[in-house]
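# A look at the structure
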Amino acid sequence: TMDRLKVPRTRELEFGGVLGAALLIVLMPTTVFYLLLTCRTEQASLLNIPYPLPTLRSLWDPRDFALVLAWVGLQAFLYMLPMGKLTEGTPLRDKTRLQYRINGCHAMVVTALVVGAGLAAGLRLSYIHDHFLQLAFSASLVAFGLSALLYLKALLAPEAALAPGGNSGNPIYDFFMGHELNPRINTFDLKFFCELRPGLLGWALINMAMLVKETELRGSPSLAMILVNGFQLLYVVDALWHEEAVLTTMDIVHDGFGFMLAFGDLTWVPFLYTLQSYFLVTHPQKLSLPMAGGITLLNGLGYSIFRGANSQKNAFRRNPADPKVAGLRTIPTATGRRLLVSGWWGFVRHPNYLGDLIMAFAWSLPCGLTHILPYFYVLYFTMLLIHREARDEHQCLRKYGLAWQEYCRRVPYRIFPYLY
């Protein structure tokens, strides 16, 4: 049986293979700093190189490095506390299931209390805005360090623990994709922890810091800043409230934990998804009430599609006989699973992505229409989801065969109805 549990070598390399992975390892951090530096310039134009470029010495600040480690440490401590419930992940290759502790909401509440106590004691949250580049640099160092440790740990891991997507035998590719599927230290699941905690809660905290900075500069936070904070906080709270649903995503089930996810979780999400609030500090926008109302409705529409589709899928995965989803039409597959072809999933193949993109657009609109920079998230996210959707389709076709082809025939549009 040991041979059967061996993870086969990764034959189909994604992201342009070894060269693509090597490029992305350089390109991801470069993108973060390029955008953050551009955001601070007067024109905020992506076409002008944001001179003067900072020196490495100006980016390195031991105090900021200690702050990033303290933040990750606090979240790790909260993750390990015996609060919340234990749940099981999807079955692994050897048919066992890992146990996960679901306590993201508890962590969020405790973090809010800690930050609140800090503010009451005179903590200046705007420090985050003033040291944004240094903090991003420290977070990048932590992500690189963690990725290196993960790769070394994977070399000692049993064969059955490796990731189907990160077992090519090429060290650069496997470092990027993640060589081990579920790296753990005792019961501490590194991938599950990084997926939602330090980055998402960091995202909400950084947004709040930008709001505080704007208030210091102009006496009160702008309507645009309040909207960005509110919309994105809703998204973060939603993700932690439905934390258990992460266990069925491609990130957890298929992708190993390597540089791609580590840098994404610890640097890309908290420092780039806050671009709108960071932009608003230096480029204030006037927003009329009717405009704000319209943008809020748009965000509400996106959120209801996103949440409705995800809730339908999760309820169906957990229990197809659940009265909430029992009336939906399905297609049987050879694996014994069934595919939904009505409800949100009969509308387009990835309704959750559609909702996500509508929300992303609503987050950028408060920044006005004069600059493309705050729309980076929408553009990047559209590319990411189209690419991810192609990965998804490829895996579903392999898994469900004819049933998937039938589903595609009945639900022709991938993400955008009548467009794509």
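Residues numbered from 1 in each chain as written. Predicted model: local features only at pLDDT ≥ 70, side-chain atom pairs only at ≥ 80, totals over all residues. Heavy atoms only, no water.

### Points about the overall build of the chain
Counting its secondary structure elements, the chain contains 17 helices and six strands. The C-alpha radius of gyration of the chain comes to 22 Å, within 12% of the 22 Å expected for a compact globule of 420 residues. The principal-axis extents of the C-alpha atoms in the chain amount to approximately 65 × 50 × 45 Å. Expressed as a percentage of the 420 residues in the chain, the buried residues total 53%. Intrachain contacts of the chain at a sequence separation of at least 6 include 77% that bridge at least 24 residues. (Helix = DSSP H or I, 4+ residues; strand = E, 2+ residues; numbered from the N terminus. Rg over C-alpha atoms; globule rule 2.2 N^0.38 Å. Buried < 20%, exposed > 50% of the residue type's maximum accessible area, 1.4 Å probe, protein only. Contact = heavy atoms within 4.5 Å.)

### Digging into the packing of aromatic side chains
The final tally for this structure, using the stated rule, is 29 aromatic pairs. Considering the side-chain rings of Tyr100 and Phe192, the 5.0 Å spacing of their centres and the 65 degrees angle between planes classify their relative orientation as edge-to-face. Residue Tyr100 is found in strand S2 (residues 99-102), and its partner Phe192 is found in helix H9 (residues 190-218); the two are separated by 92 residues along the sequence. For the pair formed by Tyr100 and Phe192, the shared burial category is buried. (Phe/Tyr/Trp six-rings, centres within 6.5 Å; stacked < 30°, edge-to-face > 60°.)

### Considerations on the nonpolar core
Within the largest apolar cluster, 106 residues are counted, with the highest numbers of intra-cluster contacts made by Leu36, Trp268, Phe271 and Tyr273. Ranked by residue count, the leading element in this core is H9, at 13 residues. With near-sequence residues (within four places) excluded, Tyr273 lies in contact with Trp203, Gln232, Trp268, Tyr377, Tyr380 and Phe381. Core analysis: the next-biggest nonpolar cluster, separate from the first, contains 17 residues, Ile331, Val341, Trp345 and Cys408 among them. (Core = buried A, V, L, I, M, F, W, Y, C linked by side-chain atoms within 4.5 Å.)

### Considering the packing of helix H7 (residues 132-155) against helix H12 (residues 259-272)
Any two packed helices are characterised by the angle at which their axes cross and by the distance between the axes. Here H7 crosses H12 at 165 degrees, and the two axes come no closer than 8 Å. As the angle between them shows, H7 and H12 are arranged roughly antiparallel. Where H7 crosses over H12, the two elements pack in a sense that is right-handed. Together, Phe132, Leu135, Ala136, Ala139, Ser140, Val142, Ala143, Phe144, Leu146 and Ser147 of H7 and Phe259, Ala262, Phe263, Leu266, Thr267 and Phe271 of H12 make up the contact between the two elements. Looking at the contact of H7 with H12 residue by residue, the class counts come to 13 nonpolar, three polar and no charged. (Axes fitted to C-alpha atoms, helices over the stretch in contact; angles between N-to-C directions. Parallel < 35°, antiparallel > 145°, perpendicular 65-115°, else oblique. Left-handed = near helix turned anticlockwise from the far one by under 90°. Nonpolar A, V, L, I, M, F, W, Y, C, P; charged D, E, K, R; others polar.)

### A few points about a nonpolar patch on the surface
Together, Leu149, Leu152, Leu155 and Leu156 line one region of the surface with nonpolar side chains, adding up to about 470 Å² of accessible area. Locating Leu155 in the fold gives a position in helix H7. Overall, the relative accessible area of 51% leaves Leu155 in the exposed class. (Patch = residues over 30% accessible without salt bridge, like charges linked within 9 Å, V, L, I, M, F, W, Y side chains within 5 Å. Areas by Shrake-Rupley, 256 points an atom, 1.4 Å probe, with all protein chains shown as cover. Salt bridge = Lys/Arg side-chain N within 4 Å of Asp/Glu carboxyl O.)

### Topic: the UniProt feature "transmembrane region" (unreviewed entry) in the chain
UniProt tags residues 12-37, 65-84, 105-125, 131-152, 257-275, 287-306 and 357-381 as "transmembrane region" (unreviewed entry). Across residues 131-152, helical content stands at 95% and strand content at 0%; the span's end C-alpha atoms are separated by 32 Å. The span residues 257-275 shows a helical share of 79% and a strand share of 0%, and its end C-alpha atoms are spaced 26 Å apart. (UniProt positions renumbered as here; feature names shortened; annotations may be inferred.)

### Digging into the packing of helix H4 (residues 62-80) against H7
Where H4 meets H7, the axes come as close as 8 Å, and the angle between the chain directions of the two elements is 60 degrees. Considering the angle they form, H4 stands oblique to H7. Where H4 crosses over H7, the handedness of that crossing is right-handed. Contact with H4, carried on its side by Asp64, Phe65, Leu67, Val68 and Leu69, involves Gln134, Leu135, Ser138, Ala139, Leu141 and Val142 of H7 and no other residues of that element. Looking at the contact of H4 with H7, its residues break down into eight nonpolar, two polar and one charged.

### Considerations on the environment of Arg97
One can find Arg97 in the loop between strand S1 (85-88) and S2. On a C-alpha basis, the gap between Arg97 and Thr87 in space is 9.5 Å, while along the polypeptide they are ten residues apart. If sequence neighbours within four positions are ignored, Arg97 has contacts with Glu88, Gly89, Thr90 and Pro91. From its side chain, Arg97 meets the backbone oxygen of Gly89 in a polar contact 3.3 Å long. (Polar contact = N/O pair within 3.5 Å; in protein donor to acceptor, adjacent residues only side chain to side chain.)

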